[in-house]
Amino acid sequence: MHDSSPILMFDSGVGGLTVLAETRALLPGAHYIYVADSAALPYGDKSEAEIAARVCGLLGRLAERYHPRLICIACNTASTIALGMVREVLETPIVGTVPAIKPAAETTQSGVIGLLGTAATVRQPYVDQLEAQFATGKTLLRHAAPELVVAAERKLRGEQPDSAAIAAAVAGLRSQPGGERIDTVVLACTHFPLLTEELAKEFGADVAFIDGAQGIARRIAYLTRCQAFTRPDSDLAIITGDASHDTALHRALQHYGIGRIARL
Ligand code: DGL
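Residues numbered from 1 in each chain as written. Predicted model: local features only at pLDDT ≥ 70, side-chain atom pairs only at ≥ 80, totals over all residues. Heavy atoms only, no water.

**Brief notes about the overall build of the protein chain**
Then, in step 1: What the protein chain contains, in helices and strands, is 11 helices and 10 strands.
Then, in step 2: For 264 residues, the compact-globule estimate of 2.2 N^0.38 gives 18 Å, and the C-alpha radius of gyration of the protein chain, at 18 Å, lies within 12% of that figure.
Then, in step 3: Along the longest, intermediate and shortest principal axes, the C-alpha atoms of the protein chain span 50 × 40 × 35 Å.
Then, in step 4: Looking at the 264 residues of the protein chain, the share that counts as buried comes to 53%. (Helix = DSSP H or I, 4+ residues; strand = E, 2+ residues; numbered from the N terminus. Rg over C-alpha atoms; globule rule 2.2 N^0.38 Å. Buried < 20%, exposed > 50% of the residue type's maximum accessible area, 1.4 Å probe, protein only.)

**Section: the nonpolar core**
Then, in step 1: Counting residues in each nonpolar core, the largest one holds 50 residues, and the members touching the most others are M9, L17, L116, L148, L199 and I220.
Then, in step 2: Per-element accounting of this core gives the leading share, five residues, to helix α7 (residues 146-156).
Then, in step 3: If you look at the next biggest cluster of nonpolar residues, it comprises 26 residues, including L8, L62, V86 and A120. (Core = buried A, V, L, I, M, F, W, Y, C linked by side-chain atoms within 4.5 Å.)

**Considerations on the site of the ligand**
Then, in step 1: Taken together, 14 residues are adjacent to the ligand, and S12, Y43, N76, T77 and H191 come closest.
Then, in step 2: In this structure, an oxygen atom belonging to the ligand sits 2.6 Å away from a main-chain N or O atom of Y43.
Then, in step 3: Within the side chain of H191, one N or O atom sits 2.8 Å away from a nitrogen atom of the ligand.
Then, in step 4: Within the complex, the protein chains bury 99% of what would otherwise be the 300 Å² of accessible surface of the ligand.
Then, in step 5: Here the ligand is seated within the largest cavity.
Then, in step 6: Of the residues belonging to the shell around the ligand, the class tally is six nonpolar, seven polar and one charged. (Near = heavy atom within 4 Å. Polar contact = N/O pair within 3.5 Å; in protein donor to acceptor, adjacent residues only side chain to side chain. Areas by Shrake-Rupley, 256 points an atom, 1.4 Å probe, with all protein chains shown as cover. 1 Å grid on protein atoms, 1.4 Å probe; cavity = no way out; pocket = protein on both sides within 12 Å on 5 of 7 lines; lining within 4 Å. Sits in = over half its atoms within 2 Å of the grid points. Nonpolar A, V, L, I, M, F, W, Y, C, P; charged D, E, K, R; others polar.)

**A short note on the layout of surface pockets**
Then, in step 1: Volume-wise, the largest pocket comes out at about 260 Å³.
Then, in step 2: For the lining of the largest pocket, the elements supplying multiple residues, two or more each, are α4 (101-107), α6 (125-134) and α10 (213-223).
Then, in step 3: Broken down by class, the residue content of the lining of the largest pocket amounts to nine nonpolar, five polar and two charged.
Then, in step 4: Around the second largest pocket, the lining residues are L83, R87, I94, V95, G96, T97, V98, Y126, G215, I216, R219 and L223. (Points joined across faces, edges and corners; volume = space filled by probe spheres on them.)

**What about the pattern of salt bridges?**
Then, in step 1: For the structure shown, the criterion picks out 11 salt bridges.
Then, in step 2: A salt bridge links E131 to R142; the nearest nitrogen and oxygen atoms lie 2.9 Å apart. Here E131 is found in helix α6, whereas its partner R142 is found in strand β6 (residues 139-144), with 11 residues between them in sequence.
Then, in step 3: Note that E159 and R154 form a salt bridge whose closest N and O atoms lie 3.8 Å from each other.
Then, in step 4: Exposure remark for R154: the relative accessible area of 36% places this residue in the partly exposed category.
Then, in step 5: Each of the salt bridges in this network shares a partner with another, and the network as a whole consists of R24, R231 and D235. (Salt bridge = Lys/Arg side-chain N within 4 Å of Asp/Glu carboxyl O.)

This is the structure in structure tokens:
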């Protein structure tokens, strides 16, 4: 490992930038490679087998090419499905993103927690386990909100997110039995913190939002605590789809400190 060995952050799209921002705040001197598997976005409507094969294959290639000091799977869908498998095949330390049910259970006063994620995430046994382990005695209401992934991708590119999509996601939780008592919402998809403002308006002022980004950043800082860092002039994004004409994306990546884009 060299001082310039990167921290590699992986997501299906731009959602992982919310994790990158928190990590950079703790480790400003590190070199980051941000990977968006936009050719396969969205992951949320794919099968477990498809997601696992895709994530393991891509991360294997990326690890071989870029020799990262650490890989962060900055995607709840990929992590809840493929984290164990990726850890089995790669020697690089891997940090995953899991729905922040534990802190939500510690925060709720009403005892009713909402969880917004992709369709693939909300059905995972991993989420059942987190609920059983950390939210016994509480009610966890889940809702799959794929339309928020689209809204977040748009917002990051400077477009107005679709207000009907925000309203539909909130209604998906509020309309469930007990939904009117939700006071804490887990944003179990890394895209969704990009929409916190819009979600807060729709849910109302007395609902708190919790995501895993700060916890992941702390974990990465801890795992790299004795390491030296040098950062090149600019970080690198690797996009699996053709993003050459996506100038709004290039601008957004620059805003997150990424000045170079390559295609995988
Ligand atoms: N950002 C991803 C997550 O955290 C999901 C988006 C997608 O459906 O690809 O789950």
